[in-house]
Amino acid sequence: MRKKTYILALTGISCLLIATAFTHYQQDTEPAFTSSDPKVSKLKLPAGFKADRLYGPSEHEEGSWVSMTFDPKGRIIASDQYGYLYRITVPAIGDTITKTRAEKLEVLSDSAFMNQKDPGKISMGYAQGLLYAFNSLYVMINHSGNNDLKRTSGLYRLQDTNGDDQYDKITLLKSMQGSGEHGTHSVVLSPDKQSIHVVAGNFTKIPKMDAYRNIPDGKLDNLFPLIKDPNGHDNTVESHGGWVAKTDPEGKKWELIASGLRNSFDIAFNDAGEMFTYDSDMEWDFGTPWYRPTRILHVTSGAEFGWRPGTLKWNANYPDNLPAVINVGQGSPTNFMSGSNAKFPTKYRNALFAFDWSFGIIYAVYPTPNGASYTATGEEFISGSPLPLTDGTIGPDGAMYFLTGGRRLESDLYRVYYTGSDVKESKTVAPVTDALKTRRKLELLHGVAKPGAVDEAWPFLKDQDRHIRYAARIAIEAQPITEWKDKTLQEKDPVILTQAAIALARRGDASVKKQLLSALTGANIKALPEPRQLDMIRAVELVFARMGAPDAADKLAVAAMLDPLFPAASHDLNKELSKMLVYVEAPGSVKKTMALLLSAKDDPKSQQTLSASSDLILRNPQYGMDIAGMLSKMPPLNQTWYANVLSQASKGWTDDLRNQYFNWYTKAFGYKGGVCYVGFIDKARKNALETVPKELFVKYNKMSGDSLVTLARKGLDIGPVRPKGPGKNWKVEEALQVVSQDASPRNFDQGKAMFAASLCRTCHQMKGEGGVAGPDLTQLGTRFSDKDMLEAIIAPNKTISDQYGSTVFYLKAGGSILGRLIRQDNEKYYISQNPFDPQTVREVQKKNVLRTRVSEISPMLPGMINALNAEELKDLMAYLKSGGNPNHAMFSAGNATTKSK
């Protein structure tokens, strides 16, 4: 770093130009590669890699492409999300003469469309999954059938029957009910190259299968108080979640492999033939204990991952679902693929590449064998802003090809390749562990009844490996229940009993409820380690969830079993104990849970992800602002859990306990969560109010913050006034025309309100009020024109202040960190990543940084005024130019409550 001092004019991150003296640390800007294409030049690539932008579908009015595959001739076949299939011939690496060209791919002799009168109809398209295999093109259509493509969602096989390089035969292999972004997705060749797998999201019903590795019967299996998504998302969610199935090339036999996903778009196989996926989060749940980040999952036979509506998402430690290999963080997963066939260094050939649409990141994920499953590490491989990644594949030349687009966004086709010489044809393949071999042997018993299967699988219910225990239970559930019901009820080993009881609760009926509950409550749960205690509590929960609510005797038995453990040393155990004990109305459970609610602290380590939320703020204008607001005032997750548990309690309350409980909600409404956070909190509050005596309703309704709900729903500190709109996508010239051609007196109060509603106040001060992440705007109107201000607001990336701009820190270990450099010393950089919380500073060791460069993306996000109508925009501009002075001549007399008399 070389220290220099300048005096010059700087553009602020909002709408301010100021002349100032400042100290600037010149960045070491050593680009990994250079390109004359501005889109390519903004990509962040590892050292030794280069990129080409091969084609722009949007530039040719060919839509926004979301899926792709290579055919045997090395051509790419791609699909517009809402339109045609296209076939693209791309130039070889290094060929700067041949241009990429695309042709619209119709299906000739398509009898379904030969006689149509409308030539604009599409014969095939709307594909979110494409695969060329078995001399056929497999197309996963995602469409409801109400537009220009009359075919509906499902897997179709396209064939060229006469060798003329045109597809002339379409076969529907499986019709599916589900469309949209949570509908039907990818189609992937199996490792044995004898079959194919398909992936569908949680808006897609599981069609009738010929075989099931695990039976997804749609049960919620959770006694936690249910609050469905306050914004109505759960109204169309299938309770079995997203799923993966397998079929033969002709689509004659279908087998369900796994379910309980949220919305995985794609799957990938490692060199051992093990399946993985990158599953999505529900970003609206952020700030709640049932939020689950995007995750890399190991999809084993019969896997269940516990996605359920609203608050009922299963905890990852429940033994009847499987955990993540690694939690990635917030984002929108799309493509997921193996780097095995890439002509990349060995490190990347061993990687799985996970695409995040929202934040424009391709992660390299490195699974490591761990018993019968895997753990993983990961890093950023490629990123850009904006870079809405949709699909990708490794081409026959060993390069990585990927698409951007989706939701009708601008779409491009890129190629990334390695220019170094350290590429080896062979690579080290991780060994298959003995535990993994055991798990695979048990999986041969899934979905089929086999003589001796129960005796073979039974001992493995006690195995130390979670995935082996899981595989053994699924194998037993596939056998006739008469072979293992009595064996379960007579089992004395508490660990085996727990796993068998889960199986019996899932596959048995209410006739064995009393016996099963007696066996569980008679076990010595105190003697078990905490993970096995959690398993046994889950088994008891499933007895009630599947076989019916407890009677008085059942409640007493469960209370006697669990109450001596409560409270425990860990929140994991306390959360499950509180849920069950309050559910069975155990004496003292409300008081104990209330004490935990008031004292619970969250463990930051339990929420660690591959990508920190603070790293994502500046990468996406739409989602980054939401994350910034949430991190500035993060809700207490454990307290929220206990509050929802207590919302179902009708007994055990005293006046003091109720006062403490309902007063907690007034604090809860002050936190910042995802879109649904306030709705969840308010519904829990209302559920609790239903349990109070009628004569006390008014008291506790007021005490719990009924008057705060409306304000809290408005999100960040935006004041009591919202834009009336209708807004528009303001451009500089039209905004300038609106502002400059109207000299009528303006409304000070509305201008000040729009300063807050447009979130200007969050980062900027006006007359000593507001945030400090950006420059003070009080003197703005004395120096700059309307055009200057509007350009800085509408197009903040055009000119970025060195004082307030961001820096990209490239890490030696891979990946990058984006934030504003606050200061540095000999050992560390000090970086602010959240404009809503600039006092939170991240420290980065200089020894871990490879290089830095100034970011071309402004910390100020565009579109901040797009919710304003013309009158509101004019009032905002008047407020800015006045420096917050209500006595300014631009304001009409009497319209400002703060105006001097």
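Let me sum up the structure you'll find in this document. Keep in mind that what you see is a predicted model, and the values were worked out from it rather than measured.

A separate point is the overall build of the chain. What the chain contains, in helices and strands, is 24 helices and 35 strands. The proportion of buried residues among the 901 residues of the chain is 58%. Across the chain, contacts joining residues at least 24 apart in sequence account for 65% of those joining residues at least 6 apart. Just so you have it, the chain exposes about 36,400 Å², and 50% of that area is on carbon and sulfur atoms.

As a further point, take the sheet that holds strand β22 (residues 333–338). With antiparallel pairing, four strands are arranged side by side in an open sheet as β22-β23-β24-β25. Whereas interior strands pair on both sides, the edge strands pair on one side only; in this sheet they are β22 and β25 (373–383). Neighbour-to-neighbour, the strand axes of this sheet turn through a mean angle of 25°, independent of strand direction. Note that strand β23 (residues 352–356) and strand β24 (residues 361–370) share five bridges and pair antiparallel. Considered in β24, the bridge of F353 is made with A364.

This paragraph deals with the pattern of salt bridges. Taken as a whole and judged by the stated rule, the model has 48 salt bridges. The closest approach of N and O atoms between R75 and D165, which form a salt bridge, is 2.8 Å. Residue R75 is located in the loop between β4 (65–70) and β5 (76–80), and its partner D165 is located in the loop between β10 (154–159) and β11 (169–175); the two are separated by 90 residues in the primary sequence. Given the relative accessible area of 12%, R75 is considered buried. A relative accessible area of 24% means that D165 is categorised as partly exposed. Taking the shortest distance from any N to any O, the salt bridge between R685 and D682 comes out at 2.9 Å. Of this pair, R685 and D682 both sit in helix α17 (residues 677–689), separated by three residues, roughly a single helical turn.

Between two packed helices, both the angle of their axes relative to each other and the distance between the axes serve to describe the pair. Between helix α20 (residues 732–740) and helix α24 (residues 870–882), the shortest axis-to-axis distance is 9 Å and the interhelical angle comes to 75°. It follows that α20 is roughly perpendicular to α24 by the angle criterion. Contacts between α20 and α24 involve A735, V738 and V739 on the former and, on the latter, A870, L873, K874, M877 and K881. For the contact of α20 with α24, the class distribution of residues is six nonpolar, no polar and two charged.

Here the focus is the sheet that holds β11. Within a beta sheet, neighbouring strands are joined by backbone hydrogen bonds and run either parallel or antiparallel to one another. Pairing in this open sheet of four strands is antiparallel, and the strands run β8-β9-β10-β11 from one edge to the other. Each edge of the sheet is formed by a strand with only one pairing partner; in this case those strands are β8 (127–133) and β11. The mean angle between the axes of side-by-side strands here comes to 20°, regardless of whether they run parallel or antiparallel. Pairing analysis gives six bridges linking β10 to β11, with the strands arranged antiparallel. Bridge pairing in β11 links L155 to K174.

Time to look at helix α10 (residues 552–562). All buried positions along α10 are accounted for by D554, V558, A559, M561 and L562. Angular distribution of buried residues about the axis of α10 spans 160°; they occupy a single face of the element. Those residues of α10 that are exposed and aimed more than 90 degrees away from the buried face are A552, L556 and A560. Close packing links the buried residues of α10 with α8 (513–521), α9 (530–547) and α11 (571–583).

The residue S186 is located in strand β12 (residues 184–189) in this model. Polar side-chain contacts of S186 include one of 2.5 Å to the backbone oxygen of F265. Not counting residues up to four positions away in its chain, the partners in contact with S186 are Q128, G129, M140, H197, V198, V199, F265 and D266.

Grouped together as the largest cluster of nonpolar side chains are 91 residues, with contacts concentrated most on F544, L562, Y661, F662 and Y665. Those residues in contact with Y661 that lie beyond four places of it in its chain are M594, L597, A643, L646, S647, W653, A684 and A688. Among the nonpolar cores identified, the runner-up in size contains 33 residues, and I77, A78, Y132 and Y167 belong to it.

The next thing to look at is helix α21 (residues 748–757). For α21, a buried count of seven out of 10 residues is recorded, marking the element as mostly surrounded by other parts of the structure. Inspection of α21 places F748, G751, A753, M754, F755, A756 and A757 among the buried residues, and these make up the whole buried set. Where α21 begins, one side-chain oxygen reaches toward the backbone nitrogen of D749, 3.0 Å away; that side chain belongs to N747. Downstream of α21 by one or two residues, L759 has phi in the positive range, about 70°.

Let us now look at the pairing of β10. Consecutive residues of a regular strand have side chains that alternate between opposite faces of the sheet. Extensive coverage of β10 is indicated by the burial of six of its six residues. Of the two faces of β10, the one lined by G154, Y156 and L158 and the one lined by L155, R157 and Q159 are each fully buried. Strand direction decides the pairing type here: strand β9 (residues 136–141) and β10, joined by five bridges, are antiparallel. The residue of β10 that forms the bridge with L137 is L158.

Mapped onto the secondary structure, Y167 falls in the loop between β10 and β11. The spacing of Y167 and L105 is 62 residues in sequence and 8.4 Å in space, taken between C-alpha atoms.

Turning our eyes to something else, we now look at unusual backbone geometry. Note that the residue after S385, namely P386, is joined by a cis bond; omega there is 0°. Along the chain, F566 connects to P567 via a cis peptide bond; the corresponding omega equals 0°. Along the chain, P567 turns up in the loop between α10 and α11. Even without glycine at this site, K193 takes up a positive phi of about 55°. In this fold, K193 is placed in the loop between β12 and β13 (196–200).

Let us now look at the packing of aromatic side chains. Across all of its chains, the model carries 32 aromatic pairs by this definition. Where F49 meets Y348, the ring centres are 5.5 Å apart and the plane angle is 85°; that geometry is what we call edge-to-face. Here Y348 lies in helix α2 (residues 346–349) and F49 lies in strand β3 (residues 49–55), a separation of 299 residues in the sequence. In this structure F49 comes out as buried when scored by relative accessible area, which is 1%. Where F224 meets W641, the ring centres are 4.1 Å apart and the plane angle is 20°; that geometry is what we call stacked. Placement of the pair is F224 in the loop between β14 (211–212) and β15 (242–247) and W641 in helix α15 (residues 637–646), with a sequence separation of 417 residues. The burial state of F224 is the same as that of W641; both residues are buried. Put simply, the rings of F49, F344, Y348, F353, F381 and Y418 pair up and form one aromatic cluster.

About the thresholds
- Residues numbered from 1 in each chain as written.
- Predicted model: local features only at pLDDT ≥ 70, side-chain atom pairs only at ≥ 80, totals over all residues.
- Heavy atoms only, no water.
- Helix = DSSP H or I, 4+ residues; strand = E, 2+ residues; numbered from the N terminus.
- Buried < 20%, exposed > 50% of the residue type's maximum accessible area, 1.4 Å probe, protein only.
- Contact = heavy atoms within 4.5 Å.
- Areas by Shrake-Rupley, 256 points an atom, 1.4 Å probe, with all protein chains shown as cover.
- Pairing = 2+ DSSP bridges.
- Axes fitted to C-alpha atoms, helices over the stretch in contact; angles between N-to-C directions.
- Salt bridge = Lys/Arg side-chain N within 4 Å of Asp/Glu carboxyl O.
- Parallel < 35°, antiparallel > 145°, perpendicular 65-115°, else oblique.
- Nonpolar A, V, L, I, M, F, W, Y, C, P; charged D, E, K, R; others polar.
- Arc of directions from axis to C-beta.
- Polar contact = N/O pair within 3.5 Å; in protein donor to acceptor, adjacent residues only side chain to side chain.
- Core = buried A, V, L, I, M, F, W, Y, C linked by side-chain atoms within 4.5 Å.
- Phe/Tyr/Trp six-rings, centres within 6.5 Å; stacked < 30°, edge-to-face > 60°.

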